[in-house]
There are 2 protein chains.
Amino acid sequence: MTEIKVPVVRNILQANERLAAENRRRFDEAGIFVVNLMSSPGAGKTSLLEKTIDALAGRIGIAVIEGDLQSSYDAERIQKKGVQAVQINTDGGCHLDGNMIQIALESLDLSGVDLLIIENVGNLVCPAEFNLGEHEKIMILSVAEGDDKPVKYPLMFQICSVLLVNKIDLLPYTDCDMSKIRERVGQLNARGKIFEISCRTGEGFAPWLSWIEEKVGEHRTLRAGKQS
Amino acid sequence: MTEIKVPVVRNILQANERLAAENRRRFDEAGIFVVNLMSSPGAGKTSLLEKTIDALAGRIGIAVIEGDLQSSYDAERIQKKGVQAVQINTDGGCHLDGNMIQIALESLDLSGVDLLIIENVGNLVCPAEFNLGEHEKIMILSVAEGDDKPVKYPLMFQICSVLLVNKIDLLPYTDCDMSKIRERVGQLNARGKIFEISCRTGEGFAPWLSWIEEKVGEHRTLRAGKQS
């Protein structure tokens, strides 16, 4: 079975890279900063989006692509915040891919959008292998998942430029050791930033919001340079 | 891309069914009760195993197959409890399959084993699609993941005969509503049992242990019937 599976996965990944590169060109032409947001189920991706939109919506044009196996639950949560949201249903698929993003983009009006956040399917494995055309990969780890996750799912921790450690309000009630998370992530990914946050209490959001605003500013400058 | 991917996945699933059926025959011949334990990363699979082994090891012969992308961290935790444990490293694969279990069985001595627990890769998506030859599928949901998970990952909730809702000690500190979990799971899976537990405090373990002991007893009876 190994002989059958490996080449097939490689073909899919190669085909995906081409589509991801097309998406990336489109985002760069429009000067939009795009992030691919990944985590385990229930680590707080949609809650992070809600809080981030609340904080930035007046200053930054935001759009969201939501990925789920089924339901439009998350896109509805985002639309209530007054920003454009498109829901992708993977119908059992465990990750988003470049093709799904191309199809979703047909339903988005990108004029006035500075920041596009793609919320991937909740899964620490396959989403790490499929580029969508994003500029940065961002991961959320909930402290309730435990400090051993970097050891168990190393690729995801390696490829992300930002790790948001969420639900820090639960730290006193768990056995999770933040210093172990920092040590283990540091061994896998020395250049990545780590922000400790609580989507429930709002604690720790300022550095995350500054990072996003800085990145959006860089891409706006690129867009202005092209238009002048 | 859809035309390429779908038939490949079907072929893999069909090939897997044959191997899972072979595993199942082997388990039944040996009178061993086998469970496939699934959850998101960090929901508490290995902690459940540790607590269950502590409670049952004197009365029931237990062996464990651990599935992870990398590392032998979990198998080492289990071996410290004095039971046989084999680690499968999927090397990036997001689920266990029947073939991996066949290979792992070569490293286990099944004589004296009444209960084999297979801990799948932490993932609510693909593990739901691959039978391993187990008698029952069991799922753990951590209350920290939130009460909307049945809506987002319905197949996993549909196929499991037992749902263990773990980390109930965290309920006062989260927005998770247990009645919503029960209502949403009930809509997907009317026959499944739900046990509310805390691996940290030990709360709620008695009904789960009774269920396991009853199942092991049924399979022992089948074994005794064959031998007489």
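Rules used in this analysis
Residues numbered from 1 in each chain as written. Chains lettered and ligands numbered in written order. Predicted model: local features only at pLDDT ≥ 70, side-chain atom pairs only at ≥ 80, totals over all residues. Pairing = 2+ DSSP bridges. Helix = DSSP H or I, 4+ residues; strand = E, 2+ residues; numbered from the N terminus. Axes fitted to C-alpha atoms, helices over the stretch in contact; angles between N-to-C directions. Contact = placed C-beta atoms within 7 Å. Buried ≥ 20, exposed ≤ 12 C-beta atoms within 10 Å, placed from the backbone. Nonpolar A, V, L, I, M, F, W, Y, C, P; charged D, E, K, R; others polar.

Residue and element names in this part refer to chain A. Spatially, the 7 strands line up as an open sheet ordered 3-2-4-1-5-6-7, and their pairing is parallel. Looking at strand neighbours, the two that pair on one side only are strand 3 (84–89) and strand 7 (193–196), the edges of this open sheet. On average, each strand axis in the sheet is tilted by 20° relative to the strand beside it, whichever way the strands run. In this structure, strand 2 (residues 62–68) lies alongside strand 4 (residues 115–119), joined through 5 bridges in parallel fashion. Looking at the pairing, Ile65 lines up with Ile118 of strand 4. Contacting strand 1 (33–39), strand 2, strand 4, strand 5 (136–142) and strand 6 (162–166), helix 2 (residues 45–56) runs over the sheet at an angle of about 165° to strand 4.

All names here are of chain B. Checked against the element boundaries, Arg191 lands in the loop between helix 7 (178–188) and strand 7 (193–196). Take Arg191: there are 6 C-beta atoms within 10 Å of it, and that puts it in the exposed class. As a C-alpha pair, Arg191 and Val162 span 29 residues in sequence and 9.1 Å in three-dimensional space.

Tallying the contact residues gives 37 residues for chain A and 37 residues for chain B. When residues of the side of chain A that touches chain B are traced back to their parent elements, those giving at least two are helix 1 (2–30), helix 5 (149–152) and helix 6 (154–159) of chain A. Per-element accounting of the side of chain A that touches chain B gives the leading share, 4 residues, to helix 1 of chain A. A breakdown of the residues in the side of chain A that touches chain B according to their chemical character gives 19 nonpolar, 10 polar and 8 charged.

Glycine aside, residues mostly have negative phi angles, and peptide bonds mostly take the trans form. All names here are of chain A. Even without being glycine, Ser71 reaches a positive phi, approximately 80°. In this structure, Ser71 sits in the loop between strand 2 and helix 3 (73–79). With 16 C-beta atoms counted inside 10 Å, the residue Ser71 sits in the partly exposed group.

Another point: the environment of Thr174 of chain B. Residue and element names in this part refer to chain B. Secondary-structure assignment places Thr174 in the loop between strand 6 (162–166) and helix 7. Separated by 30 residues in the primary sequence, Thr174 and Ala144 place their C-alpha atoms 6.6 Å from one another. If sequence neighbours within four positions are ignored, Thr174 has contacts with Val143 and Ala144.

Attention now moves to the environment of Glu136 of chain A. Along the polypeptide, Glu136 of chain A turns up in strand 5. Dropping the residues within four chain positions of it, Glu136 of chain A is found in contact with Val35, Ser161 and Val162 of chain A.

Turning next to the sheet that holds strand 7 of chain B. Residues and elements named next belong to chain B. Ordered by their spatial adjacency, 7 strands build an open sheet running 3-2-4-1-5-6-7, and the pairing between neighbours is parallel. Edge positions in the open sheet fall to strand 3 (84–89) and strand 7, since each of these has one partner strand only. Each strand axis lies, on average, 20° off the axis of its neighbour in the sheet, ignoring direction. In terms of strand pairing, strand 1 (residues 33–39) meets strand 5 (residues 136–142) through 5 bridges, oriented parallel. Bridging from a neighbouring strand, Val35 pairs with Glu136 of strand 5. Helix 2 (residues 45–56) contacts strand 1, strand 2 (62–68), strand 4 (115–119), strand 5 and strand 6 of the sheet and is inclined by roughly 165° relative to strand 4.

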